[in-house]
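For reference, the chains in residue letters:
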Amino acid sequence: MNNLTVPSLPELPEIWQQTLNWQPTAEQQVKLQRLYELILEGNQKLNLTRITDPQEFWEKHLWDSLRGIAPLLRDGEKDLTPPPHHPTTPPPRHFIDLGTGAGFPGIPVAIALPDCSVTLVDSTRKKIAFIENILPELELENIKTLTGRAEEIGQQSQHRQNYDVAMIRAVGNASVCAEYTLPLLKQGGLAIIYRGNWTEDETTALTDVVKQLGGEIAAIEQFTTPLSTSLRHCLYLRKIATTPTKYPRAVGIPTHKPL
């Protein structure tokens, strides 16, 4: 695709700053624009996203991805930001993004946090192949890819209890998301579950499930998106104990028989 045919994403530095207390550098802005172009190009062969309008893409894919990690971008969120091992040089954090699809939220997170490493997981090989093809174009060296199911990866010793942050967006109900993410986290790690609507009743039901999995609900943030004022939620689960070895259960069971 000729780059001239692709519209420019809105830059909106004031909105980034007001909503996330962060804004992309010129280099990060270029990478976000290039990501948009590559996804529009990939969309001609693969069904990557229905969201192609530049403003909608900015809000629903880029802003929304980074809104989930806003507590890690902002200073002073002591309840959600893991304590650094050394006061001046916190260690690089290891993120995992389950069901990444076309790379959300993981690729925007890798662009925004270049000192972190992000592992993108999807069970669809074609989507992972697409991501592997575009990474050199985006000059992102802090991303790894993995084709697989969360239920299997969570039982593999090289992944279990190996991550500081596990993100999951647009996948299943919250108890399923908790069962997928918590086994992958180190002690003190954070699961971030991206949701649309959320209710108090759901919080009550989720509390017991999260406890079974060795976690607690650290925070639930409700917010509206800056352009379309849609209601969104992010759930933050803190890993406080070892997840029993039977979790995650075998492929398909968490979705058919949620905890």
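What counts as what
In this numbering scheme, every chain counts its residues from 1 along its sequence in written order. Selection of residues for local features in this predicted model requires a pLDDT of at least 70, selection of side-chain atom pairs for listing and counting requires 80 or more, and totals for whole chains, interfaces and linings are taken over all residues. Computation of side-chain values: all heavy atoms of the structure, hydrogens and water removed. Working definition: helices are DSSP H or I runs of at least four residues, strands are E runs of at least two. Numbering for both runs from the N terminus. The classification of residues rests on relative accessible area computed with a 1.4 Å probe and restricted to protein chains. Under 20% of the type maximum is buried, over 50% is exposed, and intermediate values are partly exposed. When charges are tallied, Lys and Arg are placed among the positive residues and Asp and Glu among the negative ones, while His and the ends of the chain are skipped. In what follows, salt bridge is the name for a side-chain nitrogen of Lys or Arg lying within 4 Å of a carboxyl oxygen of Asp or Glu. In what follows, a contact means two residues having at least one pair of non-hydrogen atoms within 4.5 Å. Two strands are counted as paired when DSSP detects at least two bridges linking them. Crossover handedness is defined here as right-handed if the route from the first strand over the helix to the second strand goes clockwise, with the strands pointing away from the viewer. To get an axis, a line is fitted to the C-alpha atoms, and for a helix only the part in contact is used. The angle between two axes follows their N-to-C directions and goes from 0 to 180 degrees.

### Regarding unusual backbone geometry
Phase 1: Residues Phe104 and Pro105 are joined by a peptide bond in cis, for which omega reads 5°.
Phase 2: Note on placement: Pro105 falls in the loop between strand S1 (94-98) and helix H5 (106-112).
Phase 3: Following Tyr247, the chain continues to Pro248 via a peptide bond in cis, the omega torsion being -5°.
Phase 4: Its location among the elements puts Pro248 in the loop between strand S7 (231-239) and helix H10 (253-256).

### Here's the deal with the side chain of Glu59
Phase 1: Residue position: Glu59 is located in helix H3 (residues 54-68).
Phase 2: The side chain of Glu59 is buried and forms no salt bridge, while Lys60, the nearest opposite charge, is found at 5.7 Å.
Phase 3: Each residue touching Glu59, except ones within four places of it in the same chain, is listed here: Asp64, Thr225, Pro226, Leu227, Ser228 and Thr229.

### Considerations on the pairing of strand S3 (residues 143-147)
Phase 1: For strand S2 (residues 117-122) and S3, the ladder comprises five bridges, and the chain directions are parallel. Each residue of the ladder has a partner; that of Leu120, found in S3, is Thr145.
Phase 2: The parallel pair S2 and S3 is bridged by helix H6 (residues 125-138), and the resulting crossover is right-handed.

### A few points about the sheet that holds S2
Phase 1: Here we have seven strands laid out as an open sheet, ordered S3-S2-S1-S4-S5-S7-S6, and mixed in their pairing. The open sheet terminates on both sides in strands that have one partner only, identified here as S3 and strand S6 (215-224). Direction aside, neighbouring strands of the sheet carry axes that sit 20° apart on average.
Phase 2: Relative to strand S4 (residues 163-169), S1 is paired through four bridges, and the arrangement is parallel.

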